[in-house]
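# Architecture at a glance
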Amino acid sequence: MELYAPIFVLGGIGAAFVVVSMVAGALLGPKRYNRAKMQAYECGIEPTPQPAGGGRFTVKYYLTAMMFIVFDIEIIFLIPWAVHFDALGWFGLVAIVLFLVNVSIAYAYEWRRGGLEWD
């Protein structure tokens, strides 16, 4: 358990920083609210009214989110593989090739759906 002590200490310091920052911001921050400060910031453009149930997002929004998720998963698996490339041998090479083929299918799907085109 003593090996995990630095991780717990770092987590405690991070949690304490969050709590202290939020309390300090609530106590010391300005509290002069007016109509302009309470409106949503839209780069100087008046926000357009939305339907009662909320507006619909385009498919490109979801495709972009999916691309980031696939990219993150790819990086999470590729970095440890690259670090221990020597020790894995042929099994590691075959496993990563199959993984990259699988990830390429997701990228090909997104490309076909038009998620990589920025209009």
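Counting from 1, residues in each chain are numbered in the order their sequence is written. Note on the predicted model: pLDDT of at least 70 is required for a residue's local features to be given, and 80 or more for side-chain atom pairs to be given and counted; whole-chain, interface and lining totals, by contrast, use all residues. The side-chain values count all of the structure's non-hydrogen atoms but skip hydrogen atoms and water molecules.

Our focus in this paragraph is the UniProt feature "transmembrane region" (unreviewed entry) in the chain. UniProt positions are given in the numbering used here, feature names are shortened, and annotations may be inferred rather than shown by experiment. In the UniProt entry, the feature "transmembrane region" (unreviewed entry) is given for residues 6–28, 61–82 and 88–109. Only DSSP runs of H or I reaching four residues or more are called helices, and only runs of E reaching two or more are called strands; each is numbered from the N terminus. Between the first and last C-alpha atoms of residues 6–28 the distance is 32 Å; the span itself is 100% helix and 0% strand. A helix fraction of 100% and a strand fraction of 0% characterise residues 61–82, whose end C-alpha atoms lie 31 Å from each other.

In this analysis, axes come from line fits to C-alpha atoms, helices being fitted only over the stretch in contact, and the angle between any two N-to-C directions falls in the range 0 to 180 degrees. Interaxial distance between helix α3 (residues 59–83) and helix α4 (residues 85–113) falls to 10 Å at its minimum, and their mutual angle equals 170°. Overall, the two elements α3 and α4 adopt an arrangement that is roughly antiparallel. The residue makeup of the contact of α3 with α4, split by class, is 22 nonpolar, two polar and three charged. When describing relative orientation, an angle under 35 degrees is termed roughly parallel and one over 145 degrees roughly antiparallel, while 65 to 115 degrees is termed roughly perpendicular and anything else oblique. Asp, Glu, Lys and Arg are counted as charged, while Ala, Val, Leu, Ile, Met, Phe, Trp, Tyr, Cys and Pro are counted as nonpolar; the rest, among them Gly, fall into the polar class.

With that settled, the discussion passes to the side chain of E74. As for its placement among the helices and strands, E74 is situated in helix α3. Within the structure, E74 has its side chain in polar contact with the side chain of Y107 (distance 3.1 Å). Contacts are assigned to residue pairs that have any heavy atoms within 4.5 Å of one another. Leave out the neighbours within four places in its chain, and E74 touches F99, L100, V103 and Y107. Counting of polar contacts relies on pairs of N or O atoms within 3.5 Å, with two restrictions inside protein: one atom must be capable of donating a hydrogen and the other of accepting it, and residues adjacent in sequence are counted only when both atoms are side-chain atoms.

Every helix has an expected span of 1.5 Å times one less than the residues it contains. Taking 1.5 Å per residue as the helical rise, α4 with its 29 residues ought to reach 42 Å, whereas the 34 Å between its terminal C-alpha atoms falls clearly short. Along α4, the sharpest change in direction is near 75° and occurs at F91. Throughout this description, buried means an accessible area under 20% of the type-specific maximum (1.4 Å probe, protein chains only), exposed means over 50%, and partly exposed covers the range between. Turning to α4, its buried residues are G92, I96, F99, V103 and E110. Where α4 is buried, its residues contact α3. Positive phi appears at G114, one or two residues downstream of α4, with a value of about 90°. What we call the bend at a residue is the angle made by axes fitted to the seven residues finishing there and the seven residues starting there.

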